Amino acid sequence: MFDQLPADCSKLVIKGARVVDPSQNLDAVCNVFLADGRIAGLSAEDFPDVEAVDAGGLICAPGLVDMHVHLRDPGQTYKEDIESGCCAAAAGGVTSLACMPNTVPALDDPAVIGDVVKRAADAKARVYPVAAVTASLAGQTLNDFAALKAAGAVAVSDDGRPVPTAGQMLDAMRAASALSMPVLSHCEDLTLTRGGILNDGEVSRRLGVPGIHRAAEDVATARDIAIAAATGLPVHICHVSTRGSVALLRDARRRGVPVTGETAPHYFTFTEEALLGRDADFRMNPPLRTADDREAVIEGLCDGTLSAIATDHAPHSPEEKADFLHAPNGSIGMETSLAAGITALVATGRLSLSRLLWLMSTEPARLLGIPGGTLRVGAPADIVLFDPEQKWIVDPAKLHGKSRNTPFKGMTLRGRVKATLLGGRVVYWSED
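Residues numbered from 1 in each chain as written. Predicted model: local features only at pLDDT ≥ 70, side-chain atom pairs only at ≥ 80, totals over all residues. Heavy atoms only, no water.

### Describing the overall build of the chain
Within the chain, the secondary structure is distributed over 13 helices and 18 strands. Taking 432 residues into account, the globule formula puts the C-alpha radius of gyration at 22 Å, and the chain, at 21 Å, falls close to it. In terms of its C-alpha atoms, the chain occupies a principal-axis envelope of roughly 65 × 45 × 45 Å. Counting every position in the chain, which comprises 432 residues, the buried fraction comes to 59%. For the chain, the computed accessible surface area is about 15800 Å², with 51% contributed by carbon and sulfur atoms. (Helix = DSSP H or I, 4+ residues; strand = E, 2+ residues; numbered from the N terminus. Rg over C-alpha atoms; globule rule 2.2 N^0.38 Å. Buried < 20%, exposed > 50% of the residue type's maximum accessible area, 1.4 Å probe, protein only. Areas by Shrake-Rupley, 256 points an atom, 1.4 Å probe, with all protein chains shown as cover.)

Okay, structure coming up:
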């Protein structure tokens, strides 16, 4: 019976859990030995003379790696900050996260990057800054990627806005590739967005609001794939939401183009129909699409076209989200991502649990080039323990971040995080 983890986990055995580690093709009941913050052993046999906690009935897996998070720190900490964002991460089983650069000021200066790294040192998740491609995210002057990497940045992106021209994206991909830094691309052609706030379709017409045509995403995705195909330089496509972009990625990957893509739980859970209630918590960019797009996203996760699930965690205050027409885009997601994946993909038979964890932990860690995503001996003891069958209702008031703008509010989800360990240290514990 899983009761309580001891405060001191410097040496501990997690006993009797079903250990699911896709990095080792491992799915078996065994014991996990932790020592000095690392995985010290995996065995079906007991580890004598070491304190043990019974985790029978739970899944023990590598902590989740969320490669697309907005912490709003610095500059908009009324929405979220490093501490609160990492509390939310820990409650969702996320032990590593990549924070996006559209802060105030932007993450475009080594001093700002270094400050984020320093202030995150004692947080409840590992924070990996993503530096801006262009100065102030203005789409003009390319930043000094080498200096930003030296300060702690692991990737570059102008997320929140696209890199505006193909030539500038080519320059960015060349500079980043030379430093082995991933380029995370926000694919949106702003000449096709035209002030829209929802998917351009039946719902936007019924509500009488301007729509965002799917071509805004597809054209930009095609551009960046074409650059990768012509040069052999890698690029990662963020928050894929359309059947067209999934098809472009599928074709490119079959041709050996070095391109990867991610989607988010809201794109495989909801459709534009959710916006009929004029609730801005369902407004994000790219917007929720049609049922056909949702199915295409799920197909992309199932056949390997899409390489990762990330949350695009985007906190906003209740006051900001109160105005449906003028609210900023984005929704929070770290505390619900694992359960959303289990509910929509595993419980429905579309994905195995191991494959879901590959998409949410092992592969994102590889794409970012960071530790994590594995329970191999010697790896950091970044672990999530969860009950894959427990159902729970998402109550925004009980979430751990500063903002409450979740589209999953009121939903019953399956899969409950019970504990999260970071380097062998308990950073989240649930009594539910």
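### Focus on the sheet that holds strand β6 (residues 64–69)
Pairing within the open sheet is parallel, and its 4 strands lie in the order β6-β7-β8-β9. One side of each edge strand has no neighbouring strand; the edge strands of this open sheet are β6 and β9 (155–156). The pairing of strand β7 (residues 94–99) with strand β8 (residues 126–131) spans 4 bridges and is parallel. Its bridge partner being in β8, Ser-96 is matched across the sheet by Arg-126. (Pairing = 2+ DSSP bridges.)

### Notes on the environment of Leu-107
With respect to the secondary-structure elements, Leu-107 resides in the loop between β7 and α2 (110–119). The exposure class assigned to Leu-107 is buried, which follows from its relative accessible area of 0%. Every residue in contact with Leu-107, bar those within four places of it in the chain, is listed here: Pro-74, Cys-99, Met-100, Pro-101, Val-112, Ile-113, Val-116, Pro-129, Val-130, Ala-131 and Ala-132. (Contact = heavy atoms within 4.5 Å.)

### Quick word on unusual backbone geometry
Between Asp-73 and Pro-74 the backbone carries a cis peptide bond, its omega angle lying at 15°. Structurally, Pro-74 is set in the loop between β6 and α1 (82–91). Cis geometry marks the peptide bond from Asn-285 to Pro-286, where omega comes out at 0°. With a phi angle near 30°, His-239 is a residue other than glycine that sits in the positive phi range. Within the secondary structure, His-239 is located in the loop between β13 (235–237) and α8 (243–254).

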